[in-house]
Amino acid sequence: MKTNQMMTVGVLAIMLLAGCGPGQDKRAVFVFPEGDALRGRETFVALRCHECHRIDGEAGLPAPVWSAEKVVVLGGEVPRPLSYGQLVTAVIHPDYDLAKHSDMRMPSYNETMTVGQMLDLVTFLQPHYKRLQPVYSDQYFLH
Ligand code: HEC
């Protein structure tokens, strides 16, 4: 296929994925395939997420390297429950919400983490958030 044909196909695919096809509204709709929670747990340790995080209700992970007051607990009964989309955002766009813990920055994994690892991580983490919205609804609207 010629380069510009491939680009056209690529752009169309992105438009369809982003829900911008003719007649559709422009709200972003992402429906991710389900990850594997067990692999997500392994990835959590392999990518050293445990160095800064403890997970509510998850025993047996290596201890964080930061002092207890710096450690960010993931999951549990949170005052502002994260939606699935917010959880994905937290993993792939950590600079988005710099409100707290400004002296400890979560690194970006986007050049090293595979999409599969990201899906596994979120599938592993999601059930730890007690009041999250359903994960795999037919459509997810970002608001
Ligand atoms: C160097 C420390 C550090 C590492 C390593 C780290 N994080 Fe974070 N993470 C943070 C900080 C700081 C925040 C922001 C916490 C806040 O909102 O106060 C955060 C926030 C999060 C949140 C949102 C928490 C919430 O409930 O708002 C998730 C989910 C998360 N991290 C997952 C991960 C995953 C998965 C990894 C490994 C791929 C990882 N983190 C590695 C420091 C780290």
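Above this text you will find the structure in question.
Below or above, wherever it landed, is the structure these notes cover. Because the structure is predicted, anything quoted here is derived from the model rather than measured. (Residues numbered from 1 in each chain as written. Predicted model: local features only at pLDDT ≥ 70, side-chain atom pairs only at ≥ 80, totals over all residues. Heavy atoms only, no water.)

Here Glu 58 is to be found in the loop between strand E1 (53-55) and strand E2 (72-74). Glu 58 gets classed as partly exposed once you look at its relative accessible area, which sits at 21%. Residues Glu 58 and Leu 74, 16 residues apart in the sequence, show an inter-C-alpha distance of 9.8 Å. Excluding residues within four positions of it along the chain, Glu 58 makes contact with Arg 41, Phe 124 and His 128. At 3.0 Å, the side chain of Glu 58 forms a polar contact with the side chain of His 128. (Helix = DSSP H or I, 4+ residues; strand = E, 2+ residues; numbered from the N terminus. Buried < 20%, exposed > 50% of the residue type's maximum accessible area, 1.4 Å probe, protein only. Contact = heavy atoms within 4.5 Å. Polar contact = N/O pair within 3.5 Å; in protein donor to acceptor, adjacent residues only side chain to side chain.)

This next bit is on the coordination of the iron atom of the ligand. At this site the iron atom of the ligand is bound by His 53 (NE2) and Met 106 (SD), with donor distances of 1.9 to 2.2 Å. Considering all six donor atoms around the iron atom of the ligand, the spread of angles at the metal, 86 to 179°, places the coordination shape in the octahedral class. With His 53 in strand E1 and Met 106 in the loop between helix H3 (84-92) and helix H4 (115-125), this pair connects stretches of sequence that are 53 residues apart. Exposure remark for Met 106: the relative accessible area of 31% places this residue in the partly exposed category. (Donors = N, O, S within 2.8 Å, 3.2 Å for Na, K, Ca; no water. Tetrahedral: all angles 85-135°; square planar, octahedral: opposite > 155°, others 65-115°.)

The subject of this paragraph is the packing of helix H2 (residues 37-46) against H4. To characterise two packed helices, one gives the angle between the axes of the helices and the distance between these axes. Packing of H2 against H4 brings their axes to within 7 Å, and their N-to-C directions diverge by 105°. In terms of axis orientation, H2 runs roughly perpendicular to H4. Facing H2, whose interface residues are Ala 37, Arg 39, Gly 40, Arg 41, Thr 43 and Phe 44, H4 presents Gln 117, Asp 120, Leu 121, Thr 123, Phe 124 and Leu 125. Considering only residue class, the contact of H2 with H4 consists of five nonpolar, four polar and three charged. (Axes fitted to C-alpha atoms, helices over the stretch in contact; angles between N-to-C directions. Parallel < 35°, antiparallel > 145°, perpendicular 65-115°, else oblique. Nonpolar A, V, L, I, M, F, W, Y, C, P; charged D, E, K, R; others polar.)

Residues Phe 44, Ile 55, Met 113, Met 118, Val 122 and Leu 125 are the most contacted members of the largest nonpolar core, which totals 21 residues. Put simply, the parts of the chain that give this core at least two residues each are H3 and H4. Ranked by the residues each element gives to this core, the list is headed by H4, at six residues. Dropping the residues within four chain positions of it, Ile 55 is found in contact with Phe 44, Leu 61, Leu 74, Phe 124, Leu 125 and His 128. (Core = buried A, V, L, I, M, F, W, Y, C linked by side-chain atoms within 4.5 Å.)

Judged by how many residues are buried, H4 sits mostly within the fold: eight of 11 residues are covered. The set of residues buried in H4 consists of Met 118, Leu 119, Asp 120, Leu 121, Val 122, Thr 123, Phe 124 and Leu 125. Against H2, E1, E2 and H3 lie the buried residues of H4.

Moving on, we get to the pattern of salt bridges. Scanning the entire structure with this criterion turns up five salt bridges. Residues Glu 58 and Arg 41 are paired through a salt bridge, measuring 2.6 Å at the closest nitrogen-oxygen approach. With Glu 58 in the loop between E1 and E2 and Arg 41 in helix H2, this pair connects stretches of sequence that are 17 residues apart. Of the charged contacts in the structure, one is a salt bridge between Glu 51 and Arg 48, with a shortest N-O distance of 2.6 Å. With a relative accessible area of 48%, Arg 48 lands in the partly exposed category. (Salt bridge = Lys/Arg side-chain N within 4 Å of Asp/Glu carboxyl O.)

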